[in-house]
Amino acid sequence: LVSARRGDPFPPPYQWNYPSIRQRFHLSSVTKRLYVGGVFVQSLVSHPYFKVKVKPFTTELLANMQERFDKYLAGVREERCVSELCLLLLALSNMVTNLPHIVDQLLKMDKLQLVYRFLWDDVQDMKMRKLALNLANDCAINGGAARHVAQKRLLKAVLPMLVAHSEEETLGALNLILQHVRRSSVVVDQIRMLGGLVLLVALLLESHRARKSRLVVASLIGAMTNDGLYGSDIGSMLCEMLTENFKPAFQSSASRFLDFCDRDHVAQDGRQWNRDTRQRAQEFMGKHAQELVRSIVQWNGKRELFNTGLLKNLWP
């Protein structure tokens, strides 16, 4: 029984009938284990290639996750509830990694937004948020996920993670956004409408920010300016925020773009890009990024949240 709980393999005909273990044994160590769809979830986490009936198990796993998460949001925050949610997230992440087509099932069941719901700031358990962010990144390799994110406006859960969050969360959110940008022009336009360029430029100009994160920001800006539908508009808006001399840099590698950003220059229109103007631009973008976060979470999908007319206060 102990070996069975651990998921140890047994040669035929000594295979355990897993779906009935919980009914046939009443040991406290068994009944306390998270049991979903005839499987001890810990067995699936410990042994990622553990055989399950994928579709029915995934359906029941998601139902259990939804039930426990609803309780969490209602105020049930005890350790067992949180640990079981973490276990379910980890199990689903393992399945998505080994069986990427499961993402299609998530989309059909309209459950990808459940994963993104873990990213809202009212979810305070950092381990749970990290697992959900990793899972969202795993799901993002599916082209349909980017379309779903745009349709359901799920960027509202991700963009606020670029402001006043840990370096790890910010980097995870940047990588997630980058995957979606590369797969959907609609996502690119939604980032513009949400004021996401302000958040990205604020990060780009933070000299104390880890270079690794700033490089991902540079890659993200490069991907957006190269978008077939909205790239030209994105580039023009960024030049309003920075200088016209940045336009060629958008097409270069992330490393060269970042190096150009940190160098001084004078644009043809007389704008001087130096240490003082970089600091002033960062403070301006950082201030408006803080204000935008409050509006992003309530975005209705129609209104542009950042008024570019405000840039005259940055560049008189």
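For the structure, check the block above.
## A closer look at the overall build of the protein
Within the protein one finds 19 helices and four strands. Across the 316 residues that make up the protein, the buried fraction comes to 52%. Across the protein, contacts joining residues at least 24 apart in sequence account for 68% of those joining residues at least 6 apart. Total accessible area on the protein is roughly 15300 Å²; 50% of this is exposed by carbon and sulfur atoms.

## Looking at the packing of helix α14 (residues 196-204) against helix α16 (residues 231-241)
Close contact between α14 and α16 brings their axes to 11 Å; oriented N to C, the two are set at 55°. Taken as axis vectors, α14 and α16 run oblique relative to one another. As α14 packs across α16, the resulting crossing turns out to be right-handed. On the side of α14, the interface is formed by Leu197, Val198 and Val201, while α16 contributes Ile234, Met237, Leu238 and Met241. Across the contact of α14 with α16, the residue classes tally to seven nonpolar, no polar and no charged.

## With respect to unusual backbone geometry
Even without a glycine there, the phi angle at arginine 153 is positive, about 55°. For arginine 153, a relative accessible area of 31% translates into the label partly exposed. With phi around 55°, alanine 164 is a residue other than glycine that occupies positive phi space. Among the secondary structure elements, alanine 164 is positioned in the loop between α11 (155-158) and α12 (167-181).

## As for the nonpolar core
Most often, soluble globular proteins have nonpolar side chains that are buried together. Within the largest apolar cluster, 109 residues are counted, with the highest numbers of intra-cluster contacts made by Tyr116 and Met241. Counting residues per element, this core draws most heavily on helix α6 (residues 79-98), at 11 residues. With residues near it in sequence (within four places) discarded, tyrosine 116 still touches Ala136, Val149, Leu154, Ala157, Val158, Leu176 and His180.

## Things to note about the packing of α6 against helix α9 (residues 126-139)
Between α6 and α9, whose axes approach to 9 Å, the crossing angle comes to 15°. As summarised for this structure, α6 and α9 are arranged roughly parallel, according to the angle between their axes. Between α6 and α9 the crossing geometry is left-handed. Where α6 approaches α9, its residues Val82, Leu85, Cys86, Leu89, Leu90, Leu92, Ser93, Val96 and Thr97 are matched on the opposing element by Lys127, Met128, Leu131, Ala132, Leu135, Asp138 and Cys139. A per-class count over the contact of α6 with α9 returns 12 nonpolar, two polar and two charged.

What counts and how
Residues numbered from 1 in each chain as written. Predicted model: local features only at pLDDT ≥ 70, side-chain atom pairs only at ≥ 80, totals over all residues. Heavy atoms only, no water. Helix = DSSP H or I, 4+ residues; strand = E, 2+ residues; numbered from the N terminus. Buried < 20%, exposed > 50% of the residue type's maximum accessible area, 1.4 Å probe, protein only. Contact = heavy atoms within 4.5 Å. Areas by Shrake-Rupley, 256 points an atom, 1.4 Å probe, with all protein chains shown as cover. Axes fitted to C-alpha atoms, helices over the stretch in contact; angles between N-to-C directions. Parallel < 35°, antiparallel > 145°, perpendicular 65-115°, else oblique. Left-handed = near helix turned anticlockwise from the far one by under 90°. Nonpolar A, V, L, I, M, F, W, Y, C, P; charged D, E, K, R; others polar. Core = buried A, V, L, I, M, F, W, Y, C linked by side-chain atoms within 4.5 Å.

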